[in-house]
Amino acid sequence: MHVNTFGGNALACTVGSAVIDAIDEDKLQENAAFVGTYLLENLRQLRDEFEIVGDVRGKGLMLGIELVNNKESRTPLPVSDTADIFEDTKNMGILIGKAGIHGNVLRIKPPMCITTADADYGIAVLRKAFQNHLKRKEKRRIVTKQNIDVYV
């Protein structure tokens, strides 16, 4: 048995009813379906553009971007690389979540009032974060190659 002291509270019920009315009046469900589809289509373009984006999935405004080392092996991107991308997006003003059993999925859950302009900004931030990752990866490769050359 589960008992919740405040669950049937008149104030809580009034607030809940007002929230449902606002969702209906502002057509937020329709907006979530429209912008969610728009966002998913644009995220799929990022998947086609970047080798580290292994999959994009979701429905409505609950979306995920699976990050991989390469698309053929589907090996998860290391947690440290995913964390760097996560930090880049945060520093550019976009808050997303991390998920997945390997910690390599970016979870996108914007509010129901998101606009296509907001979605465009989010896509631009993700693109820049992925580009930053590729630059860091290239820099590490050069440093590693230089270290090998030094000792050869």
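Details of the structure are given in the entry above.
Let me sum up the structure you'll find in this document. (Residues numbered from 1 in each chain as written. Predicted model: local features only at pLDDT ≥ 70, side-chain atom pairs only at ≥ 80, totals over all residues. Heavy atoms only, no water.)

1. Notes on the pairing of strand β4 (residues 105–108)
We count it as follows: Pairs of strands are assigned from DSSP output, requiring at least two bridges between the strands. By definition, any uninterrupted DSSP run of H or I lasting at least four residues is a helix, any uninterrupted run of E lasting at least two residues is a strand, and each is numbered from the N terminus.
Judged from the four bridges that link them, strand β2 (residues 62–67) and β4 form a sheet pairing that is antiparallel. When the bridges of β4 are listed, L63 appears paired with I108. One ladder, built from three bridges, connects strand β3 (residues 97–99) with β4; its direction is antiparallel. Bridge pairing in β4 links G97 to R107. Where β3 folds back on β4, the antiparallel hairpin that results is connected by five residues, among which G100 adopts a positive phi of roughly 95°.

2. Thoughts on helix α1 (residues 10–25)
How we decide: To estimate how far a helix should reach, multiply one less than its number of residues by 1.5 Å. Any N or O atom pair separated by 3.5 Å or less is treated as a polar contact, with the protein-specific requirement of one donor-capable and one acceptor-capable atom, and with residues adjacent in sequence counted only for side-chain atom pairs.
Here α1 spans 22 Å end to end across 16 residues, near enough to the 22 Å set by a 1.5 Å rise per residue. The N-terminus of α1 is capped by N9, whose side-chain oxygen sits 2.6 Å from the backbone nitrogen of L11. K27 lies just past α1 and shows a positive phi near 55°.

3. Considering the pairing of β2
Basically, it comes down to this: Exposure is judged per residue with a 1.4 Å probe applied to protein chains only, and the accessible area is read against the type maximum: over 50% gives exposed, under 20% gives buried, and values in between give partly exposed.
With five of its six residues buried, β2 lies for the most part within the structure. As judged from the six bridges shared by strand β1 (residues 53–59) and β2, these two strands associate in the antiparallel manner. Pairing of V56 across the sheet is with I65, part of β2.

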